[in-house]
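Descriptive structure summary
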Amino acid sequence: MSENKDPHVSQPEPQKFVYDFTEGNRDLKDLLGGKGANLAEMTNLGLPVPPGFTITTEACKVYLDSGAEPAALRDEVSAHLDALEQKMGKKLGQADDPLLVSVRSGAKFSMPGMMDTVLNIGLSDESVSGLATQAGDERFAWDSYRRLIQMFGKTVLGVDGELFEDALEEAKQAKGVTSDVDLEAADLKKLVKHFKKTVSREAGREFPQDPREQMDLAVRAVFDSWNTDRAKLYRRQERIPGDLGTAVNICSMVFGNLGPDSGTGVAFTRDPASGHQGVYGDYLQNAQGEDVVAGIRNTVPLAELESIDKASYDQLMQIMETLETHYKDLCDIEFTIERGQLWMLQTRVGKRTAGAAFRIATQLVDQGLIDEAEALQRVNGAQLAQLMFPRFDESAKTEKLGRGIAASPGAAVGKAVFDSYTAVKWSRSGEKVILIRRETNPDDLNGMIAAEGILTSRGGKTSHAAVVARGMGKTCVCGAEELEVDTKRRRMTAPGGIVIEEGDVVSIDGSTGKVYLGEVPVVPSPVVEYFEGRMHAGADDADELVAAVHRVMAYADRVRRLRVRANADNAEDALRARRFGAQGIGLCRTEHMFLGERREMVERLILADTDDERDRALGALLPLQKKDFIELFEAMDGLPVTVRLLDPPLHEFLPDITELSVRVALAESRKDANENDLRLLQAVHKLHEQNPMLGLRGVRLGLVIPGLFAMQVRAIAEAAAERKNAKGDPRAEIMIPLVGTVQELEIVREEADQVIAEVEAATGTALKLTIGTMIELPRAALTAGQIAEAAEFFSFGTNDLTQTVWGFSRDDVEASFFTAYLEKGIFGVSPFETIDKDGVGSLVRNAVQAGRATRPDLKLGVCGEHGGDPESVHFFHEVGLDYVSCSPFRIPVARLEAGRAAAESKGSDSR
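Treat the numbers as computed from the prediction; the structure is a model and nothing was measured.

Looking at the nonpolar core
Buried together is how nonpolar side chains tend to be arranged in soluble globular proteins. Residues Phe-358, Leu-384, Val-549 and Ile-736 are the most contacted members of the largest nonpolar core, which totals 156 residues. The biggest single contributor to this core is helix H27 (residues 708–725), with eleven residues. Among residues more than four places away in sequence, those in contact with Ile-736 are Leu-645, Val-699, Phe-709, Leu-745, Val-748, Ile-771, Gly-772, Thr-773 and Met-774. Residues Leu-99, Val-118, Phe-152 and Val-192 belong to the second largest nonpolar core, which totals 57 residues.

If you want it as structure tokens, here you go:
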């Protein structure tokens, strides 16, 4: 049954798939792509842009989804082509004076070199002579035709590009020249003939002579290039959505290869490497745009254009100033000069180094082009982190050994050592060392602290080595599987049979994951010296980069709502965190206080058979814990310190079951078995679990081992009382880990409240100690409203919450299948790096709402690795957390991103 359309009811306009350059603007990047939107913007500004039109990303989406172009597209393209021909006074590919066009890709986000472009569309056997006549240059015409067949054959018809390159080289060799420009018209005619035969043979069809067929096939090739392997890989790397599609720009050709008064170039309104103002770019006479990109001839600095063609140079300088003022940012410009006439082919906001980003942002504020809020949005945490780490000198000669996962940025050089004892020993004697292990464990902490950097052959970005290294600001490369680490023989073997013995110098790059033999020179970071207080922004020795970072950070601190705390376990880390701007400690992991010499005390606690033995073991630990907390409270005086009670499984404090079994067996064979070893082995077997991370740990330990949590609470309370009586201002918060139900928290809380009351009575000191919990299990998040009845604060432990939501074992999955998941696009980024907003984030959001519904003044924070991740910080701002907590070295990054989140939110509200 058909419906009759009411003529009195307005019908929706048919979808428009093609826009003339005069119709668009820079705000239409979603529809016209970045290139098309900016060509339209320059046209609107009255700049010299060759006429043309843009096929929208919507047309591309229809093509990719259905395998066919929209039904209306051909007619729309024809209408715009007719208008272009009328404007130019000639027809596409006409014999006597052909209109030629370029067909260029142009996605919303810049993907340089990832998609396809074809120039000189419209040339044919018939029209090449007309172009030669009109240009008065036969060589130019045949060179343009040669370029078209080469680009079209490779891009549109899928012919191996090397076949054309080899033929071009052979032609130059036969002529006895080294440059393309030295080939004459006769040589290029022969080359065109050869290229056409290559197309016929390799593509199974003749090179198309119909100019409209050339254009239509080129448009489809650009659409198809959206899904090439290289484009998909680039999008994954840059985290660009795969469903955006690309626009196609059809632009009338202008030629830079018409002789010495023509040329092509790239210009930047400021130096993209440093941010300094000046004349930056490259120019190439008698060339087309791809010649500059391909590097087939040496360019000259843009400044030399002034002596080559002063009129064009002066006009370009004026246009560059116009564009930077209009876009209020560094602009990247592509241009062509055709016989003294300057044409603008593209502009975009230019990519820049991290240092340039900060400098340019503050320069533009000083020039009155942007305000401080906008300057804050022009930089990001990833750039700041890049500025903070020392880097290898890229110009140095290196010998690469292998590559692993870039786990913690920085550049580290030192002698290879294969155990923590040696690392500490050599470090104390003044040697710089790199600790090399298959994987690290808590016992390696001292060696990790002593080492310049850590290299492991196993593990991923959230392995023990990676997490601890980032916390210390230590360079780390993990999962370098091609390197065979033999800790017993104290050597590492690299591909090719290269053997690194203990004492050999190696260099590791935590920003790229690369491992080198020998010493690679490093360049220190003045930004870290500034954050640590060793350099003031106004000091004589502070460069302009430090001054720019200082200004941006000062504004971020003024506008941010989220407070930033540190994950720190000792006074030294706490003091460093405070220098970096920490506003408290969001996570003190007390298990780190039980390592080293205290390990034997923990063993005695585990082996205790009677209440008296257990009480003596706890009694021995109490004063040591109290001393730790006094030092921590003193370092963070006046700021909150969240102390997490013992969390990991007790087996981590016992010897390895295999090593201990061998030791006991050997001792028994010699009839001299050690009684303590036998008891340890029994305890290890008793505590052995198939999946210890889901076993006896966290709050379960406090409920199963009498007095354990009470001892820790007493140490915290007595330390707080002592500091308060010494006129200090301790602000301790006690955090119960791994709670899954409110009943667990209620039982522990009742015991803790009793202990605190006893300390208050004994010391005559009123203490304000708050008690809360980590939300790190799905059930805790789902029952947050109930748990809030017994908790004064929540701290989201997003590391474990991610593990339990996804069903991942963090230390296993990164090495086994995460690479495949990233390559297949299942992950855009590891959920251990950036919060999984849809899954884990949804639980966090719900827990926030439910918790505050029960307790409106509930304090909320996060202490997982995500607390220092830029994108995750924005999410935590959005859901209403009060603070994020991260490793000391990530504090400036979190501060910056918290400011950016607040400014972004305020900007959205005002719009």
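Digging into the packing of aromatic side chains
On inspection of all chains with the given rule, the structure shows 26 aromatic pairs. Measuring from ring centre to ring centre gives 5.8 Å for Phe-875 and Phe-876, while their planes differ by 65°; the resulting arrangement is edge-to-face. Just as Phe-875 is buried, Phe-876 falls in that class too. Cluster of aromatic residues (ring-pair linked, three or more members): Trp-806, Phe-808, Phe-817, Phe-818, Tyr-821, Phe-827 and Phe-832. Lys-16 extends its terminal NZ or CZ atom over the ring of Tyr-19, reaching a point 4.9 Å from the ring centre.

Details of the sheet that holds strand S18 (residues 484–486)
Ordered in space as S18-S19-S20, the three strands form an open sheet in which the pairing is antiparallel. Of all the strands in the sheet, just S18 and strand S20 (498–501) have a single pairing partner and so form its edges. Mean inter-strand twist for the sheet, computed between neighbouring axes without regard to direction, equals 20°. Here three bridges tie S18 to strand S19 (residues 491–494), and the two strands are oriented antiparallel to one another. Bridge pairing in S19 places Asp-486 opposite Arg-491.

Brief notes about helix H6 (residues 161–175)
With 15 residues, H6 extends 22 Å between its outermost C-alpha atoms, agreeing within 8% with the 21 Å of an ideal straight helix rising 1.5 Å per residue. Along H6, the residues classified as buried are Gly-161, Phe-164, Ala-167, Leu-168, Ala-171 and Lys-172. An end-on view of H6 places all buried positions within 135° of arc, on one side of the element. Opposite the packed face of H6, turned more than 90 degrees from it, sit the exposed residues Glu-162, Glu-170, Gln-173 and Ala-174. Packed against the buried residues of H6 are helix H5 (138–155) and helix H7 (185–203). Its side-chain oxygen at 3.0 Å from the backbone nitrogen of Glu-162, Asp-160 defines the N-terminal cap of H6. Looking one or two residues beyond H6, the residue adopting positive phi is Gly-176, at roughly 80°.

Focus on a nonpolar patch on the surface
Residues Leu-703, Val-704 and Ile-747 make up a contiguous nonpolar surface patch of about 260 Å² in total accessible area. Here Val-704 shows up in helix H26 (residues 699–704).

Regarding the packing of helix H23 (residues 611–635) against H27
Where H23 contacts H27, the axes come no closer than 8 Å and their chain directions differ by 40°. On the basis of their axis angle, the class for H23 and H27 is oblique. Both H23 and H27 take part in a crossing whose hand is right-handed. Mapping the contact onto sequence places Leu-618, Leu-621, Leu-622, Gln-625, Lys-626, Phe-629, Ile-630, Phe-633 and Glu-634 in H23 and Leu-708, Met-711, Gln-712, Arg-714, Ala-715, Ile-716, Glu-718, Ala-719, Ala-720, Glu-722 and Arg-723 in H27. Looking at the contact of H23 with H27 residue by residue, the classes come out as twelve nonpolar, two polar and six charged.

Details of the pairing of strand S9 (residues 331–338)
Walk down a regular strand and you will see the side chains alternate between the two sheet faces. For S9, the tally of buried residues reaches six of eight residues, placing the bulk of the element in the interior. Sheet analysis places strand S6 (residues 263–270) next to S9, joined by six bridges and oriented antiparallel. Note on S9: the bridge partner recorded for Val-266 is Glu-334. The pairing of S9 with strand S10 (residues 341–349) spans eight bridges and is classified as antiparallel. Each bridged residue has a counterpart across the sheet, and for Asp-332 the counterpart in S10 is Arg-348. The antiparallel pairing of S9 with S10 creates a hairpin that spans two residues between the two strands, and Arg-339 there sits at a positive phi of about 50°.

Details of the pairing of S6
Within S6, seven of the eight residues are buried, leaving the element largely enclosed by the surrounding structure. Alignment of S6 against strand S7 (residues 277–285), held across seven bridges, turns out to be antiparallel. Bridging from a neighbouring strand, Ala-267 pairs with Gly-281 of S7. Joining the antiparallel neighbours S6 and S7 is a turn of six residues, in which Gly-275 adopts a positive phi near 90°.

Side note on a negative patch on the surface
Where like charges cluster on the molecular surface, the negative patch consists of Asp-160, Glu-162, Glu-165, Asp-166 and Glu-170. Tracing the sequence through the fold places Glu-162 in helix H6. Classification of Glu-162 as exposed rests on a relative accessible area of 55%.

A look at empty space enclosed by the protein
Summed over the entire model, instances satisfying the criterion amount to three cavities of 30 Å³ or more. In this structure, the largest cavity spans a volume of roughly 150 Å³. Lining the largest cavity are 14 residues, with Arg-104, Leu-119, Met-253, Val-254 and Leu-345 positioned closest to its centre. Mapped by element, the contributors of at least two residues to the lining of the largest cavity are strand S3 (101–107) and strand S5 (246–252). It is S5 that provides the largest number of residues to the lining of the largest cavity, a total of three residues. Residue classes in the lining of the largest cavity are distributed as six nonpolar, seven polar and one charged. There is about 70 Å³ of room inside the second largest cavity. Thr-362, Val-365, Glu-372, Ala-375, Leu-376, Arg-551, Val-552 and Tyr-555 together form the lining of the second largest cavity. Elements supplying a minimum of two residues to the lining of the second largest cavity: helix H13 (354–366), helix H14 (372–377) and helix H20 (544–559).

What counts, and where the lines are drawn
Every chain is numbered independently, its residues counted from 1 as its sequence is written. Side-chain atom pairs in this predicted model are given and counted only at pLDDT of 80 or more, local residue features only at pLDDT of at least 70, and totals for whole chains, interfaces and linings cover all residues. Hydrogens and water are ignored here; the side-chain numbers use all heavy atoms of the structure. Take the buried residues of types Ala, Val, Leu, Ile, Met, Phe, Trp, Tyr and Cys, join any two whose side-chain atoms come within 4.5 Å, and each joined set is a nonpolar core. Remark: exposure states derive from per-residue accessible area (1.4 Å probe, protein chains only) relative to the maximum for the residue type, with buried under 20%, exposed over 50%, and partly exposed in between. Elements are defined by DSSP. Helices are runs of H or I of four residues or more, strands are runs of E of two residues or more, and each kind is numbered from the N terminus. Here, residues are in contact when the closest pair of their heavy atoms is within 4.5 Å. Two rings belonging to Phe, Tyr or Trp (six-membered ring only in the last case) form a pair when the distance between their centres is within 6.5 Å. Interplanar angles under 30 degrees mark stacking, angles over 60 mark edge-to-face geometry, and anything in between is tilted. Two limits define a charge over a ring: the Lys NZ or Arg CZ must be within 6 Å of the ring centre, and within 35 degrees of the ring normal. The criterion for strand pairing is that DSSP finds at least two bridges linking the strands in question. Axis definition: a line fit to C-alpha positions, over the contact stretch in the case of helices; interaxial angles, taken between N-to-C directions, run 0 to 180 degrees. Under the convention used throughout, the expected extent of a helix is 1.5 Å for every residue step, that is, one less than its residue count. What the arc covers is the set of directions going from the helix axis to the C-beta atoms. Distance and chemistry together define a polar contact, namely a pair of N or O atoms within 3.5 Å, with one atom able to donate a hydrogen and the other to accept it when in protein, and with adjacent residues in sequence counting only for side-chain atoms on both sides. Only residues above 30% relative accessible area that lack a salt bridge enter a patch, with like-charged residues linked at up to 9 Å and the nonpolar side chains Val, Leu, Ile, Met, Phe, Trp and Tyr linked at up to 5 Å. Using a 1.4 Å probe, the Shrake-Rupley method yields the accessible areas, and only the shown protein chains count as cover for residues. For this analysis, a salt bridge means a side-chain nitrogen from Lys or Arg found within 4 Å of a carboxyl oxygen belonging to Asp or Glu. Orientation labels follow simple angle bins: below 35 degrees gives roughly parallel, above 145 gives roughly antiparallel, 65 to 115 gives roughly perpendicular, and whatever is left gives oblique. In this scheme, a crossing is called left-handed if the near helix is turned counterclockwise away from the far one by less than a right angle; it is called right-handed if the turn is clockwise. Throughout this entry, Asp, Glu, Lys and Arg are counted as charged residues, while Ala, Val, Leu, Ile, Met, Phe, Trp, Tyr, Cys and Pro are counted as nonpolar. The remaining residues, Gly among them, count as polar. Lys and Arg are tallied as positive, Asp and Glu as negative. Neither His nor the chain termini are counted. Where a charge lies is defined by one atom per residue type: Lys uses NZ, Arg uses CZ, Asp uses CG and Glu uses CD. Buried and open spaces are told apart on a 1 Å grid over the protein atoms alone, a cavity being a set of points where a 1.4 Å probe fits but cannot get out and a pocket being an open set with protein on both sides within 12 Å along at least five of seven lines. Residues with an atom within 4 Å of a point are the lining residues. Grid points are joined across faces, edges and corners, and a volume is the space filled by probe spheres set on the points.

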